[in-house]
Structure formats: structure tokens, C-alpha cells
Amino acid sequence: MNQAEQIQKAVLRSLHARDLYTERQVNSMLKSLRAAEIHIKSQLVEIGEKKLLKKGLEIRQGQLHSIQKGIDEIIKDLKRDQTLIMKTAVRDSFQNGIAGSIGEFSELKFPHYENLSHEDRIKLAGQVMSLIDRSALDFLVNYNLQLLGNVTRELVDNIKQQISVGLVTGDSIAKIGEKIGSVITDPAEFRLAGKTVFKTAQQRVEVITRTETLRAYGHGRNKFYNQIGARRIVWATSGDERTCPECGPLDGKEFLAEEMPSIPLHPACRCSFFAARARVCRSGVPVH
Ligand SMILES: [Zn+2]
Ligand SMILES: [Zn+2]
């Protein structure tokens, strides 16, 4: 195996690890969304039991208000869970980005990086982490929380609307439940499901989580290359991004670090990048 192939293999390996981590975070996010859905549905059952839905029955303002308050509480819990997941995901992804780059250098047996154990790599990544400007990480987290905040705000509004409209028009609990919909983790089932409140929220949460953990990972890699002074960066598509009309042509292209287009290039972009080998190897030290 020549060096280019070795690098490609190492990069694809860390890309795979990155994607596995990302999917775990997506799952955690969907789990919290699903928990909210289950709570909302049990509120619906309660509404049914109180017989608020009998046609012609005037719904007292107070009852509607208490239903809405219950929903606000559920979404507040959801927001708290998602905030925690996102904070951890951004920090971990950033550190994974650093550790991934260190791992590649180690696998390629660059001087100072050869024979690093997994623990050594994590430790080294931790040291780089301790050097970073926390406000940059906080900025990333806050930006992501804003995006997620928009989703939960829309979610709570749409749920309330479906319930109020349902109560007024005398829809059955089942009918209201249908419009609110479910979190669906089976891709085929998801495609077939009609547009619902929870489906829309799920779609957006998935895109945000994938895009933003990948962004944080890229920032981590950047930080490491920056730290060691690697100025020339090579774009690397993942196996399935090689055919993307936007990303495909960038595969293997070399950039000055500050001129590289930011990754992800588009939502669901799974590209990565690495320090240009020519520069890395010339002096024998992956720095200058
Ligand atoms: Zn692409
Ligand atoms: Zn891409």
C-alpha cells in the first residue's frame, strides 16, 4: 500500500468513527423526542377520559389552558434533554476531531506520533482541548441550541393547534393523535408516513444533529492542524459523497487552510479533510 492509499484508509476509518458517534447522538435526540410524544399522547388519553371532546360540548377556557400548560411542561423537559445531548455532542465531536487527526498521524507513523495507544491519543486530544478558546465552543453550542429551539417552539405550537382545533371541531382523540403523528425510526416506514407534526420535528432534529456534530468534528480537526501549523488541507469525500455534484469535484483537492470551504458543505454532507501529505512528510515532522 502506498502512502496515499494509507492516508485515505486512515481518513476513512476516522470518518467512519465520526459517523458512528453522530448516529448515536441522533438516536439520543430521537429518544427524547419520542418520550415527549408518549407524554403528549397520554395527555390526549386524559382529555378523552374527561370527555372534553363530546360534540357540542363547550370547552371551558380553563380546561384548554390546563391542557396547554401540560404540553408546555413536556416540551420544557424535551428542551432540557436536547440541550444536554447537544452540549455533550459538540464538545465530544470537537475532541473526536482532534483525536481523529492524531490517530491518523499515529497510524501513518509520523515522528512524535508513532506508537500512540488509544489512551495516549485521547490524552493528547485532551491537552489540545485545554488550549482552545472556550468561547468558540460556547458559540457553536449556542447556535445549535437556537436551531433546536426553533424546532421545539414550532413543535409545541403545532401540537397545541392540533388539539385546540380538534377540540373545537369535535375530532376524535385518535384523529388528533394521527395529526400529531409519531417519531418513526424505520426509514421505509418513515418515507411512507404522511406529514405530521412529529415527523416534521424529527426530520429537522435529525438534520441539525448530523450537520452540527459533523461541523464540530471539523472544527476540532481544524484546531489540531492549526495548532501544529499544518497550512495545506486536502478535501476527502466519504464513499457515498463521491458522487455528490457539490462535494464530488472537491475530492482530493488541496486548499490553504483558511481558504477551504467549510464542512459540512450542505446539510447531510459527510465529507472530511486531512493535512496535505507532501507538506506533512517533507521535513519528517507533521508540522511545517
Ligand atoms: Zn455533498
Ligand atoms: Zn460533502
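Residues numbered from 1 in each chain as written. Chains lettered and ligands numbered in written order. Predicted model: local features only at pLDDT ≥ 70, side-chain atom pairs only at ≥ 80, totals over all residues.

Participant: Is there a simple way to think about the sheet that holds strand β2 (residues 254-256) in this case?
Facilitator: The pairing of strands in a sheet happens through backbone hydrogen bonds and is either parallel or antiparallel. Taken together, the three strands give an open sheet; going across it, the order is β2-β1-β3, and neighbouring strands pair in antiparallel fashion. Each edge of the open sheet is held by one strand with a lone partner, namely β2 and β3 (272-275). Pairs of neighbouring strands in the sheet enclose a mean axial angle of 35°, with direction left out of account. In this structure, strand β1 (residues 232-236) lies alongside β2, joined through three bridges in antiparallel fashion. By the bridge assignment for β2, Val-234 is matched with Glu-254. (Pairing = 2+ DSSP bridges. Helix = DSSP H or I, 4+ residues; strand = E, 2+ residues; numbered from the N terminus. Axes fitted to C-alpha atoms, helices over the stretch in contact; angles between N-to-C directions.)

Participant: Sorry if this is basic, but what is going on with the packing of helix α4 (residues 134-169) against helix α5 (residues 173-180) here?
Facilitator: When two helices pack together, their arrangement is given by the angle between the helix axes and by the axis-to-axis distance. The interhelical angle for the contact between α4 and α5, taken along N-to-C directions, is 155°, at an axis separation of 10 Å. Viewed along their axes, α4 and α5 adopt a mutual orientation that is roughly antiparallel. Of the two possible hands of crossing, α4 and α5 adopt the one that is right-handed. Side by side, α4 and α5 meet where Ile-159, Gln-162, Ile-163 and Gly-166 of the first sit next to Lys-175, Ile-176, Lys-179 and Ile-180 of the second. Looking at the contact of α4 with α5 residue by residue, the classes come out as four nonpolar, two polar and two charged. (Parallel < 35°, antiparallel > 145°, perpendicular 65-115°, else oblique. Left-handed = near helix turned anticlockwise from the far one by under 90°. Contact = placed C-beta atoms within 7 Å. Nonpolar A, V, L, I, M, F, W, Y, C, P; charged D, E, K, R; others polar.)

Participant: Where do I start with α4 in this structure?
Facilitator: Each α-helix turn comprises 3.6 residues. Residues three or four places apart therefore point the same way. Helix length check: α4 (36 residues) gives 52 Å between terminal C-alpha atoms against 52 Å at 1.5 Å per residue, within 8%. Within the span of α4, buried status applies to Val-141, Asn-144, Leu-148, Val-151, Leu-155, Val-156, Ile-159, Gln-162, Ile-163 and Gly-166. Note on α4: the residue one or two positions beyond its end, Gly-170, has a positive phi of about 80°. (Expected span 1.5 Å × (residues − 1). Buried ≥ 20, exposed ≤ 12 C-beta atoms within 10 Å, placed from the backbone.)

Note that every value here comes from positions in space, so none of it alone points to a role or purpose.
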